[in-house]
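Remarks on the overall topology
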Amino acid sequence: MPEGDSVYRQCKMLREALEGAVIESSDFRVPALATSDVSGRTVVAVVPRGKHILIRLSAAPNTEEMKSGAEPLTLHSHLMMDGTWRVFDRAHNDDAGHLGEPRTSGADAGRSGADARGPGRATSSSGRGGLQRSRPGASPYRPRGQARRGGSVRSAAESRTRISADVSVGQGSHTIRAILRTKDVEAVGFDVKDVRLVPTRLEDQELVGYLGPDILGPDWGLEKALERLNAQPDRAIGTALMDQRNLAGIGNVYRVEVLFMTRTNPWARVDSLPEGRLREIVVLAHKLLHLNKDRSMRSTVGQAPQGRPLFWAYGRDGQPCRRCGVQLKRGEIDDALLTVDPAPSRTAVQHLRTIAWCPRCQVAG
Ligand SMILES: [Zn+2]
């Protein structure tokens, strides 16, 4: 599952591509929005909230539409397990109606490789560099900032940004849920979940108001997060950390890493933790997410030199603990009580998540 830092990078990419631009046409491929059209509106802001992506749109300029609610709208989406937004240059997509197979690349696979297959794969895939220009049967879509733009520094930066996308290899046009077209670009949401259009003034009420303090947000409040975690003393810390109502932005990678680094047993009750431990955990999570939010490759062990480990424990079950040498265990933690949304029926929630932990360093109590 994408962590807060992935969402942050996705929003950065969307912001650079869309903010200030007028939507020329839109295409929503979810039943509830089948007849919605946001063309004519300007993209006012792209904001991450926890793991939610909010694309704020201006009021509709068309007066005729005023009657049926032309107020500013927010397009909401959630990446869930494997959703991703990608930005394409429209200049190279003459046949806008033809939605072919989106091209995947080594660069694209980098971040998801880290999430899904462990750090080794991420290193090699991101090292492959640029995209192939085209191949038979490939998509008319052309990732933004590639060769035709002259390979500027900016292009390179954009390419790196795209590494952050949690792209699943093999995603096809049937996974497209939303398209926003401006004069220059086409932003396409593949496999994004819970795509909704909500009046911007109702964002809190309908979308993200239930979220705890956002680790990467301007409203971050350590004390508030601790207060919320302490309010449910009998929960396992591993589950409580993932509950976005307590604090927003932590996913499985950071959960595993932070618990390992603070020598905390994932199943320990919140009220059983030694004095000061909870604060230590949350402060560390905050620090790690901030360290990684602008990095092309996620790491919890400092800058990741090539061939060096990216994580202490995540994805390393069965391998020796980097601290004590004991074999790391694989465990499952039940996130059944977690919802990424106040109305769970709207989104699929995976309950059992795999974690790695050290039976010597992370003993209970
Ligand atoms: Zn150990």
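Residues numbered from 1 in each chain as written. Predicted model: local features only at pLDDT ≥ 70, side-chain atom pairs only at ≥ 80, totals over all residues.

1. Some points on the overall build of the chain
Along the chain, the regular secondary structure elements total 10 helices and 10 strands. The buried share among the 365 residues of the chain stands at 46%. Residue pairs at least 24 apart in sequence account for 70% of intrachain contacts in the chain once pairs closer than 6 positions are excluded. (Helix = DSSP H or I, 4+ residues; strand = E, 2+ residues; numbered from the N terminus. Buried ≥ 20, exposed ≤ 12 C-beta atoms within 10 Å, placed from the backbone. Contact = placed C-beta atoms within 7 Å.)

2. Focus on the packing of helix 9 (residues 252–261) against helix 10 (residues 277–292)
Orientation of helix 9 relative to helix 10, taken along the N-to-C sense of each, is 130°, at an axis distance of 10 Å. Taken together, helix 9 and helix 10 sit at an angle that is classed as oblique. Handedness of the crossing formed by helix 9 with helix 10: right-handed. Seen from helix 9, the contacting residues are Tyr254, Glu257, Val258 and Met261; seen from helix 10, they are Ile281, Leu284, Ala285, Leu288 and Leu289. Grouping the amino acids of the contact of helix 9 with helix 10 by side-chain chemistry returns eight nonpolar, no polar and one charged. (Axes fitted to C-alpha atoms, helices over the stretch in contact; angles between N-to-C directions. Parallel < 35°, antiparallel > 145°, perpendicular 65-115°, else oblique. Left-handed = near helix turned anticlockwise from the far one by under 90°. Nonpolar A, V, L, I, M, F, W, Y, C, P; charged D, E, K, R; others polar.)

3. Digging into the sheet that holds strand 4 (residues 73–78)
Pairing in this open sheet of four strands is antiparallel, and the strands run 2-3-4-8 from one edge to the other. Every interior strand has two partners, whereas the edge strands, strand 2 (43–49) and strand 8 (193–199), have only one. Across the sheet, the mean angle from the axis of one strand to that of its neighbour is 15°, orientation sign disregarded. Bridge count for strand 3 (residues 52–57) against strand 4 is six bridges, and the pairing is antiparallel. (Pairing = 2+ DSSP bridges.)

4. Some thoughts on the nonpolar core
The biggest cluster of nonpolar side chains holds 74 residues, and the ones touching the most others in it are Leu14, Ala187, Val256, Phe260, Ala285, Ala313 and Trp357. Residues lining this core come from more than one domain, with at least three contributed by each of domain 1 (4–203) and domain 2 (212–357). If we skip the residues at most four places from it in the chain, Val256 touches Ala313, Tyr314, Ile355 and Ala356. (Core = buried A, V, L, I, M, F, W, Y, C linked by C-beta atoms within 7 Å. Domains from an automatic or database assignment.)

5. Structural notes on unusual backbone geometry
The phi angle at Asp191 is positive, at roughly 60°, despite the residue not being glycine. If you trace the backbone, Asp191 turns up in the loop between strand 7 (185–190) and strand 8. Take Asp191: there are 20 C-beta atoms within 10 Å of it, and that puts it in the buried class.

6. Some words on the confidence of the model for the chain
Per-residue confidence for the chain gives a mean pLDDT of 76, with 68% of residues at or over 70. A low-confidence stretch, residues 94–170 stays under pLDDT 50, and its non-local contacts, those more than four residues away or across chains, total 128 contacts. Low pLDDT, under 50, characterises residues 339–349; the stretch is placed with 18 contacts to residues that sit more than four places away or in other chains. (pLDDT = per-residue confidence, 0-100.)

7. Observations regarding the sheet that holds strand 5 (residues 84–89)
Across the sheet, four strands lie side by side as 1-6-7-5; this open sheet has antiparallel pairing. Edge positions in the sheet fall to strand 1 (25–28) and strand 5, since each has one partner strand and no second. Taking the axes of each pair of neighbouring strands and ignoring which way they run, one obtains an average angle of 15° across the sheet. Pairing geometry for strand 5 and strand 7, over six bridges, is antiparallel. Its bridge partner lying in strand 7, Trp85 is registered against Gly189.

8. Concerning the environment of Lys193
Considering the arrangement of structural elements, one finds Lys193 in strand 8. Lys193 sits in the buried class, given 20 other C-beta atoms within 10 Å.

9. Examining helix 9
The element helix 9 is largely enclosed, with a buried count of 10 among its 10 residues. Listed in full, the buried residues belonging to helix 9 are Asn252, Val253, Tyr254, Arg255, Val256, Glu257, Val258, Leu259, Phe260 and Met261. Downstream of helix 9 by a residue or two, Arg263 has a phi angle that is positive, lying close to 55°.

10. Observations concerning the pairing of strand 4
For strand 4, the tally of buried residues reaches six of six residues, placing the bulk of the element in the interior. Covered by surrounding structure in strand 4 are Leu73, Leu75 and Ser77 together with Thr74, His76 and His78, the residues of both alternating faces. Pairing analysis gives five bridges linking strand 4 to strand 8, with the strands arranged antiparallel. If you follow Leu75 over to strand 8, its bridge partner there is Leu197.

11. As for the environment of Arg90
With respect to the secondary-structure elements, Arg90 resides in the loop between strand 5 and helix 3 (106–116). Placed 91 residues apart in sequence, Arg90 and Arg181 show a C-alpha to C-alpha distance of 8.0 Å. When sequence neighbours within four positions are dropped, the list of residues in contact with Arg90 reads Arg181, Asp184, Val185 and Glu186.

12. So, the packing of helix 7 (residues 222–230) against helix 10
The contact between helix 7 and helix 10 brings their axes to 10 Å, and the two run at 125°. Between helix 7 and helix 10, the interaxial angle falls into the category oblique. Once helix 7 is placed against helix 10, the crossing between them reads as right-handed. Note on element contacts: helix 10 touches helix 7 through Leu278, Arg279, Val282 and Val283, opposite Leu222, Ala225, Leu226 and Leu229. A breakdown of the residues in the contact of helix 7 with helix 10 according to their chemical character gives seven nonpolar, no polar and one charged.

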